Structures are given as C-alpha cells and as structure tokens.
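Chains, contacts and geometry: an overview
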Amino acid sequence: MRELEVGHHSRQASASCADYPYTGLQRAFIRQTIDLGGEKQKVAAGLNQFAGSQTADRLVITVGKFSVADVFDTNKYAHDPRSDFLNWSVVDTGTFDYAADAWGYTLGAAAEWYAGDWTLRGGVFDLSIVPNSTELDPNFEQFQWVGEIERRYELWGHPGKVAVTGFLSRGRMGSYQDAIALAQITGGPADITAVRQYRGRGGVSMNVEQEITPDLGGFLRAGLANGDVEPYEFTDIDRTLAGGLALRGTKWGRPDDTFGFAGVINGISAQHEAFLNAGGLGILVGDGKLPHPGPEQIIETYYAFPLSFCQVTLDYQLIVNPAYNRDRGPVSVLGARLHTQF
C-alpha cells in the first residue's frame, strides 16, 4: 500500500510570530507499506492515512516532511493535543528532544518493521539551523538519529504495549559549563549562543500504555536526557516521569465523553540549574536567577464531549515550581478547546 500526503497542520510547539500573512507546508510525504505475511488487516481512512489493507507482519517506510512524533513515542491515551491532554510533557515524553522546526515538523525518513508482537523503528531527521528555529538545516549537516523498540501484549485479556525510544542529535549546541565559565570571565549573564560548537546530545525514554477495562486506560512515561548540553528543539527538561488515566463516559450514559487525569514531575541537571541561576535562558524558561530550584510538578485534567458538529474540551492544569523556580507559582491554567475536522 502506497500513500501520498500533502497537508497543513497546527504546531504542537512554539513558532515565531510574523506581522504579515504566510503559509507553511508542514506535511508532504510518501509512505510505502510492504506486506510480509500474517493476518490481513483493514486500515480505515484517517488523518495522514488512506484507507486500505495491510498484513500483521510488514515493513513501513516514510520519506518526506512530517513530525517525528507521528511515528515515535505514540500513545493511545496521551499523544494528541487535538483530542486529549494539552501539556507538552504529557502528550510527548518531555525529554524526547525530537528534531523539528519551530512548528514541530522536519525532513527525514523512517522505517518500521512489524513482526508478530514486536516493532522495530528507526529514522534520521534534519535539525533546525539553530535550536528551535523556523528554518531547517538546508545541508542536513545537523541531524538526529532515532530508534525505538516496541512490544505489544495482553494483560488479563486487555491490550497494552511498552516502547523504549532513544535519540542522538548532532549539531551546534552549547555546553552549560562553557556558558557559565564564559559568564564568569565577562561578568555578564550566561549566554549559551556564544559557546555553541558541533557536538552530540542524546536521551532515552520508556512509554507504556495499558487498557484496564474497555472504558478505562492508563499510560506511563519516563525519560532521561543529557543534562550537560542544551536541548535543541523541544523544551527544557532533562528528566521526566508522567502518568495518567483516560475514562470514557459509558458508566454515566455518555460513551462519547472522555475524562482524563495526568500527573508529571520534570527536572533538570545541576549544570542546567547553575546555568539558569547565572542568567541563562533556555528554549522556554529563564528568570535571570534561579536561587531556589525545585522540580516542576504538574497536574492536568480534562473533560471532552461532543457538541453538534465539534468536540469541546475543558482543561485545567496546576503547575508547581514553574520553570523549576520555587519562588514562582503555583500557577493554575484554564483551557478550552473546540475541535472539528472534515
């Protein structure tokens, strides 16, 4: 089965603002599925997916522009901010610093080998010109390798899966220790952009999803990334632990409703803390000083329900020690989402 996808999509991360109208092509890829045997499966049409069929054992190759998160670190209960949670460290593993432009998409290729209950995935992707930039490296000199192994299983008759994902980025990145040392010489704030050189940054994470009952499912994610070097594309998290539940409303007579609850603990390395305390700025965080660092703790809950032609979601987040600063917060964030598709 061959697929061709060309489309636009909203960014799941930050993007630069402009004072003029513009458009961006976010997805344009070819996907080839090579059947290798096993049970024949029907494939329903969906976003980024044409209807067709495939066998249980297969090889899937995707080439073009798409999101790394389309293929890696997926989770049935926490992965799509259009329909479930909104916090970045819930919809994806917070330490998974996947290659992307500022809208969350990149050029690259991925291969997936499905064999029985196992799947092995690998890919290579283009990094931005500079961290979290709107422009990708035109020469592919800065890039990222991603690998993942997934095992599907049944627990007391309920399906689940566990996946381990690793990444290694190679690009011009700054070392926190170098930035701190330069700041001590100049007397100014730590500037990560002044100490960037070609180096690597890697990380590994685990992702679990488990159906508990036909209406209740849970997820667990944990991740660790190199805390000596700046994150390149995603956000300022060096270690993370997240978990939660999603419950359909069958018990109260509303099977199309979903209630979700999640908790997250995010942390950074000692070098990362010292960099922020020296006036350094990360991709998304930085107060000029960080004299009282602490783990960032988040609780998120949402209720989603259909209304006429769309789905409405009411969302609440409580963030303790935002940006790892005990002198800030706690902060309550109220959100509402209106989603329709055709």
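Thresholds applied
Residue numbering note: each chain is counted from 1, following its sequence as written. Only residues with pLDDT of at least 70 get local features here, since the model is predicted, and only at 80 or more are side-chain atom pairs given and counted; chain-wide, interface and lining totals rely on the full set of residues. The side-chain figures draw on all heavy atoms in the structure; neither hydrogens nor water molecules are used. By definition here, a salt bridge exists when the distance from a side-chain nitrogen of Lys or Arg to a carboxyl oxygen of Asp or Glu is within 4 Å. Each residue's exposure class comes from its accessible area (1.4 Å probe, protein chains only) as a fraction of the maximum for that residue type: buried when under 20%, exposed when over 50%, partly exposed otherwise. Each helix is a run of H or I in the DSSP string that is no shorter than four residues. Each strand is a run of E no shorter than two, and both are numbered from the N terminus. Only C-alpha atoms enter the line fits that serve as axes; for helices the fit covers just the stretch in contact. Angles between N-to-C directions range over 0 to 180 degrees. For any helix crossing, the convention is left-handed if the near helix is rotated counterclockwise from the far helix by under a right angle, and right-handed if that rotation is clockwise. Pairs of residues are marked as contacts when any of their non-hydrogen atoms sit within 4.5 Å. Asp, Glu, Lys and Arg are counted as charged, while Ala, Val, Leu, Ile, Met, Phe, Trp, Tyr, Cys and Pro are counted as nonpolar; the rest, among them Gly, fall into the polar class. On a range of 0 to 100, pLDDT expresses the predictor's confidence in each residue. Stacked, edge-to-face and tilted are the three classes for Phe, Tyr and Trp ring pairs, Trp counted by its six-membered ring, which pair at centre distances within 6.5 Å; planes under 30 degrees apart are stacked, over 60 edge-to-face, the rest tilted.

Things to note about the pattern of salt bridges
A side chain with one charge can pair with a side chain of the opposite charge if their charged atoms come near. Counting across every chain of the model gives 18 salt bridges. For the salt bridge of R254 with D257, the shortest nitrogen-to-oxygen distance reads 2.3 Å. On the accessibility criterion, D257 (1% relative accessible area) is buried. When salt bridges with common partners are traced through the structure, they connect E112, R121, E148, E150, R152 and K161 into a single cluster.

What about unusual backbone geometry?
Glycine aside, a negative phi is what most residues show, and trans is what most peptide bonds show. Cis rather than trans, the peptide bond between G329 and P330 has omega equal to 0°. Tracing the chain through its elements places P330 in the loop between strand 13 (310-320) and strand 14 (331-339). Phi angles above zero are rare outside glycine, and A323 is one such case at about 60°. By secondary structure assignment, the location of A323 is in the loop between strand 13 and strand 14. A323 sits in the buried class, given a relative accessible area of 10%. Positioned with a positive phi, Y324 is a non-glycine residue whose angle comes to about 65°. Topologically, Y324 is positioned in the loop between strand 13 and strand 14. Look at Y324 and you get buried, because its relative accessible area is 2%.

Some details on the packing of helix 2 (residues 176-186) against helix 3 (residues 270-277)
For the pair helix 2 and helix 3, the least separation of the axes is 9 Å and the interaxial angle reads 30°. Relative to helix 3, helix 2 is oriented so that their crossing is left-handed. Residues Y176, A179 and I180 of helix 2 form the contact with helix 3, whose own contacting residues are Q271, H272, A274 and F275. Grouping the constituent residues of the contact of helix 2 with helix 3 by class yields five nonpolar, two polar and no charged.

Side note on the confidence of the model for the chain
Counting all residues, the mean pLDDT for the chain is 92, and 95% of those residues have values of 70 or more. Ignoring residues within four places in sequence, the model shows residues 1-14, a span with pLDDT below 50, making 60 contacts including any to other chains.

Description of the packing of aromatic side chains
In total, this model carries 13 aromatic pairs according to the counting rule given. With centroids separated by 6.1 Å and ring planes inclined at 90°, the aromatic side chains of F72 and F125 adopt a geometry described as edge-to-face. In this pair, F72 is assigned in the loop between strand 3 (52-66) and helix 1 (88-91) and F125 in strand 5 (residues 118-126), connecting sequence segments 53 residues apart. Each member of the pair, F72 together with F125, is buried. Both rings, one in F96 and one in F167, keep their centres 6.0 Å apart while their planes meet at 45°; by these two values the pair is tilted. Residue F96 is found in the loop between helix 1 and strand 4 (106-115), and its partner F167 is found in strand 7 (residues 158-174); the two are separated by 71 residues along the sequence.

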